[in-house]
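For reference, the chains in residue letters:
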Amino acid sequence: MLLSEFDYQLPEELIAQRPSDKRENSKMLVLNPREHKILHKHFYDIVDLIDDNCILILNNTKVIPARLYGYKDTGAKIEVFLLKERDNHNWEVLIKPSKRVKVGTVVKISDELSCEVLESLPDDGKWLVKMIYEGDIFEILHRVGNIPLPPYIERKMSNEELKKLDFERYQTVYAKDEGSVAAPTAGLHFTQEILEKLKNKGVQIGYVTLNVGIGTFRPVKCENVLEHKMDSEAFEISEETANLINKAKSEGKKLIAVGTTTVRTLETAFQQFGEIKACRSASELFIYPPYEFKVVDKLITNFHLPKSTLLMLVSALAGKDFIFEAYDEAIKEKYRFYSYGDCMFIN
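Calculation criteria
Residues numbered from 1 in each chain as written. Predicted model: local features only at pLDDT ≥ 70, side-chain atom pairs only at ≥ 80, totals over all residues. Heavy atoms only, no water. Core = buried A, V, L, I, M, F, W, Y, C linked by side-chain atoms within 4.5 Å. Buried < 20%, exposed > 50% of the residue type's maximum accessible area, 1.4 Å probe, protein only. Contact = heavy atoms within 4.5 Å. Axes fitted to C-alpha atoms, helices over the stretch in contact; angles between N-to-C directions. Helix = DSSP H or I, 4+ residues; strand = E, 2+ residues; numbered from the N terminus. Left-handed = near helix turned anticlockwise from the far one by under 90°. Nonpolar A, V, L, I, M, F, W, Y, C, P; charged D, E, K, R; others polar. Polar contact = N/O pair within 3.5 Å; in protein donor to acceptor, adjacent residues only side chain to side chain. Arc of directions from axis to C-beta. Pairing = 2+ DSSP bridges. Phe/Tyr/Trp six-rings, centres within 6.5 Å; stacked < 30°, edge-to-face > 60°. Salt bridge = Lys/Arg side-chain N within 4 Å of Asp/Glu carboxyl O.

> Lay out the nonpolar core in plain terms, naming residues and giving numbers.
Core analysis: the biggest nonpolar cluster contains 69 residues, and L266, I323 and F337 have the highest contact counts within it. Setting aside anything within four residues of it in sequence, one finds F337 in contact with Y8, L10, L14, I15, A16, F303, Y327, A330 and I331. I64, L113, V129 and Y133 belong to the second-largest nonpolar core, a separate cluster that totals 28 residues.

Shown next as structure tokens:
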């Protein structure tokens, strides 16, 4: 399977630079792979498309303000991008420009936060640093950090109005456990009101946690797709959610995953344990056609970048030709793409 098979051309003006005026007002392309039908809706219509024969599973991870701007004692500006917390205040990070730092370099972020470079890691440009602070690191990050928007969303960090918008809208309304460097963007369309309406219809809702890593931004570099290796991402499934899923499946209900991160959490758990059970583990699962889904039946997801692992995942669920037909339709109808864009429901 070749990487070039998952390429498409997207007009630059369709890359969403801001969220929709209201979360639920995003457009939604509804795909029915069995009948090969495509419908145009808005996200608020999801309440009419889901009934109590389905359960909804969402990823409640919370995005941390992982992008830090600081400087060395020489005055040179340095960007530190937090990836993963280890122990003893140590973090895996990306540093830009990396040629300006070496082991022992101290980058001052603010009066309450600095970091010291400990070592260069062998894993594709990552560094290990020690964060120097007193108190709660996440409280400090919320004061001095910036929301880690993907590179295709252009921002001038001096714009306080946009910064405030991103802090609110690049986060799901049900975000709970901090640890992600990217939002599970399919969930950005939900409001508390929509979740309540679904519950009132008898739709049961459960949550998993997968901390989204830098792999979300990283392109596939090998032309032979099968040579690609996914970054490891930690996830957790609670006893309550595992019981909900197993009971629903035994009753023949359909499971709707919100976002590709939820899909990989559930499919990984089944792959590792042969069932869905309460666990803490990590996913390196790479889903591409003709993968057979063991847990997930339906999916709410955004539109994904060309040649991305996420595009391959949705192609495995709905069929590659049908997905590309749907993407062509979305482009023709001027849907907005990527993290702040519109979405599709593979029903």
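> Talk me through the packing of helix 7 (residues 309–318) against helix 8 (residues 320–332); I want residue IDs and the actual numbers.
Packing of helix 7 against helix 8 brings their axes to within 7 Å, and their N-to-C directions diverge by 115°. As helix 7 runs across helix 8, the sense of the crossing is right-handed. In this structure, helix 7 uses L311, V314, S315 and A318 to contact helix 8, whose residues at the interface are K320, F322, I323, F324 and Y327. In terms of residue class, the contact of helix 7 with helix 8 is made up of seven nonpolar, one polar and one charged.

> So, the side chain of T105: which residues are in play, and what are the values?
Its location among the elements puts T105 in the loop between strand 7 (90–96) and strand 8 (106–110). At 3.0 Å, the side chain of T105 and the backbone oxygen of K102 are in polar contact. Beyond its immediate sequence surroundings of up to four residues, T105 is in contact with K72, C115, E116 and V117.

> Now, about helix 3 (residues 160–169): what can you tell me, with residues and values included?
Every buried residue of helix 3 is listed here: L162, D166 and R169. Seen along its axis, helix 3 keeps its buried residues to an arc of 85°; they face one direction. Away from its buried face by more than 90 degrees, helix 3 exposes E160, E161, K164 and E168.

> An account of the sheet that holds strand 17 (residues 343–346) is needed here, citing residue identities and associated values.
Pairing between the strands of a sheet comes from backbone hydrogen bonds, and it takes one of two forms, parallel or antiparallel. One open sheet accounts for nine strands, arranged 2-1-17-16-14-3-12-13-15; its pairing is mixed. Looking at strand neighbours, the two that pair on one side only are strand 2 (37–42) and strand 15 (279–283), the edges of this open sheet. Neighbour-to-neighbour, the strand axes of the sheet open up by a mean angle of 25°, direction not taken into account. Here three bridges tie strand 14 (residues 254–258) to strand 16 (residues 298–302), and the two strands are oriented parallel to one another. Paired with A257 across the strands is L299, a residue of strand 16. Together, strand 3 (54–59), strand 12 (204–210), strand 13 (233–237), strand 14, strand 15 and strand 16 form the strand contacts of helix 6 (residues 260–273), whose direction differs from that of strand 13 by roughly 75°.

> Quick rundown of the packing of aromatic side chains? Include the residues and the values.
Using the criterion set out here, one finds 17 aromatic pairs in the structure. Judged by centre distance (6.3 Å) and plane angle (45°), the rings of Y8 and F337 are tilted. Placement of Y8 in the segment before strand 1 (27–32) and of F337 in the loop between helix 8 and strand 17 is noted, with a sequence separation of 329 residues between them. In this pair, the class of Y8 matches that of F337, namely buried.

> Pulling in residues and values, what's your account of the pattern of salt bridges?
Inspection of every chain in the model, using the stated rule, returns 17 salt bridges. Linked by salt bridges that have partners in common, R67, E79 and K96 make up one network.

> Can you break down the pairing of strand 5 (residues 67–71) residue by residue, with the values?
Bridge count for strand 5 against strand 6 (residues 77–85) is five bridges, and the pairing is antiparallel. Within strand 6, the residue paired with L68 across the bridge is V80. Hairpin connection of strand 5 to strand 6: five residues between the antiparallel strands, including G75 at a positive phi of 95°.

> How would you sum up unusual backbone geometry? Please name residues and give values.
The omega torsion of the bond from K96 to P97 falls at -5°, within 30 degrees of zero and hence cis. Locating P97 in the fold gives a position in the loop between strand 7 and strand 8. Here P289 and P290 are connected by a cis peptide whose omega angle stands at 5°. With respect to the helices and strands, P290 occurs in the loop between strand 15 and strand 16. Despite not being glycine, H36 has its phi angle at roughly 55°, a positive value. A positive phi angle, close to 75°, is found at Y338, a residue other than glycine. Residue position: Y338 is located in the loop between helix 8 and strand 17. Of the residues examined, Y338 reaches a relative accessible area of 6% and is grouped as buried.

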